[in-house]
Amino acid sequence: MDRLDLYDNMPSGMREYLSAYGWHFSKKLCEYAVSKMKKKDASGNEKAIDAYSREQVQQLLKQHGVTLENDVAYDACYVANMCKADYLGSSIPNEQYLAKFVKDFLDDPDGAKTKALDHYFADCLAKGKPLMWEDYL
């Protein structure tokens, strides 16, 4: 089955990006997305997160015995950092549960294998923040 947005007009560079990476994070797009992630500190002020690298995410997953079935390119890196920014220290109490969250998110049996980029792209659309696709090739 084809995606419902397959035939929409695509912004400049998007077709080239998708040809290169599909609906998955390239290193550059992941770094950009993660660089915009913020977390509230104890005083309620927003600050940038201390981001995980792809290698740190892989090590974290290994340390907690988590094996991913649907990890493509930098998708797990994006999801781990999204979880760190949005949930860690609140509904996700520690890095062991963060590793499990990454698995649940990416290996969701009724979710799309493109869920990570779908999620990010939907947020960008909802916020009215266009992506400069050429920058992430």
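Structure: see above.
Residues numbered from 1 in each chain as written. Predicted model: local features only at pLDDT ≥ 70, side-chain atom pairs only at ≥ 80, totals over all residues. Heavy atoms only, no water.

A. Broad picture of the layout of surface pockets. Considering only enclosed or pocket space, the largest pocket measures out at about 430 Å³ in volume. Along the walls of the largest pocket sit 17 residues, with Ala33, Lys36, Met37, Tyr120 and Lys127 positioned nearest its centre. Elements supplying a minimum of two residues to the lining of the largest pocket: α2 (27–35), α4 (75–86) and α6 (115–127). For the lining of the largest pocket, the per-class residue count stands at 10 nonpolar, 1 polar and 6 charged. (1 Å grid on protein atoms, 1.4 Å probe; cavity = no way out; pocket = protein on both sides within 12 Å on 5 of 7 lines; lining within 4 Å. Points joined across faces, edges and corners; volume = space filled by probe spheres on them. Helix = DSSP H or I, 4+ residues; strand = E, 2+ residues; numbered from the N terminus. Nonpolar A, V, L, I, M, F, W, Y, C, P; charged D, E, K, R; others polar.)

B. Structural detail: the packing of α4 against helix α5 (residues 95–106). Where α4 contacts α5, the axes come no closer than 9 Å and their chain directions differ by 125°. Taken together, the axes of α4 and α5 lie oblique to each other. Crossing handedness for the pair α4 and α5: right-handed. Seen from α4, the contacting residues are Asp75, Ala76, Val79, Ala80, Met82, Cys83 and Lys84; seen from α5, they are Leu98, Phe101, Val102, Phe105 and Leu106. In terms of residue class, the contact of α4 with α5 is made up of 10 nonpolar, no polar and 2 charged. (Axes fitted to C-alpha atoms, helices over the stretch in contact; angles between N-to-C directions. Parallel < 35°, antiparallel > 145°, perpendicular 65-115°, else oblique. Left-handed = near helix turned anticlockwise from the far one by under 90°. Contact = heavy atoms within 4.5 Å.)

C. Structural view of the packing of aromatic side chains. Per the stated rule, a full pass over the model turns up 10 aromatic pairs. When the centroid spacing of 5.0 Å and the interplanar angle of 40° are considered together, the rings of Tyr17 and Tyr21 count as tilted. Residue Tyr17 and its partner Tyr21 are both found in helix α1 (residues 14–21); the two are separated by 4 residues, about one turn of the helix. For Tyr17, a relative accessible area of 0% gives the class buried. We classify Tyr21 as partly exposed; its relative accessible area is 32%. Plain terms: the ring middles of Tyr78 and Tyr120 are 5.7 Å apart, the flat faces sit at 65° to each other, and that makes the pair edge-to-face. Placement of Tyr78 in helix α4 and of Tyr120 in helix α6 is noted, with a sequence separation of 42 residues between them. Accessibility classification places Tyr78 together with Tyr120 in one group, the buried group. Positioned over the ring face of Tyr97 is Lys100, at 5.4 Å from the centre of the ring. Between Lys115 and the ring centre of Phe105, over which it is positioned, the NZ or CZ distance is 4.6 Å. (Phe/Tyr/Trp six-rings, centres within 6.5 Å; stacked < 30°, edge-to-face > 60°. Buried < 20%, exposed > 50% of the residue type's maximum accessible area, 1.4 Å probe, protein only. Lys NZ or Arg CZ within 6 Å of the ring centre and 35° of its normal.)

D. Representation of a positive patch on the surface within the structure. Taken together, Lys36, Lys38, Lys127 and Lys129 make up a surface patch of like positive charges. When you line up the elements, Lys38 lands in strand β1 (residues 38–40). Residue Lys38 is classed as partly exposed on the basis of its relative accessible area of 42%. (Patch = residues over 30% accessible without salt bridge, like charges linked within 9 Å, V, L, I, M, F, W, Y side chains within 5 Å. Areas by Shrake-Rupley, 256 points an atom, 1.4 Å probe, with all protein chains shown as cover. Salt bridge = Lys/Arg side-chain N within 4 Å of Asp/Glu carboxyl O. Lys, Arg positive; Asp, Glu negative; His and termini not counted. Charge placed at Lys NZ, Arg CZ, Asp CG, Glu CD.)

E. Broad picture of empty space enclosed by the protein. Going through the model one piece at a time under the given rule, you end up with 1 cavity of 30 Å³ or more. Counted as a void, the largest cavity has a volume near 40 Å³. Looking at the lining of the largest cavity element by element, the count peaks at 4 residues for helix α3 (residues 54–63). Among the residues forming the lining of the largest cavity, the class breakdown is 5 nonpolar, 1 polar and 2 charged.

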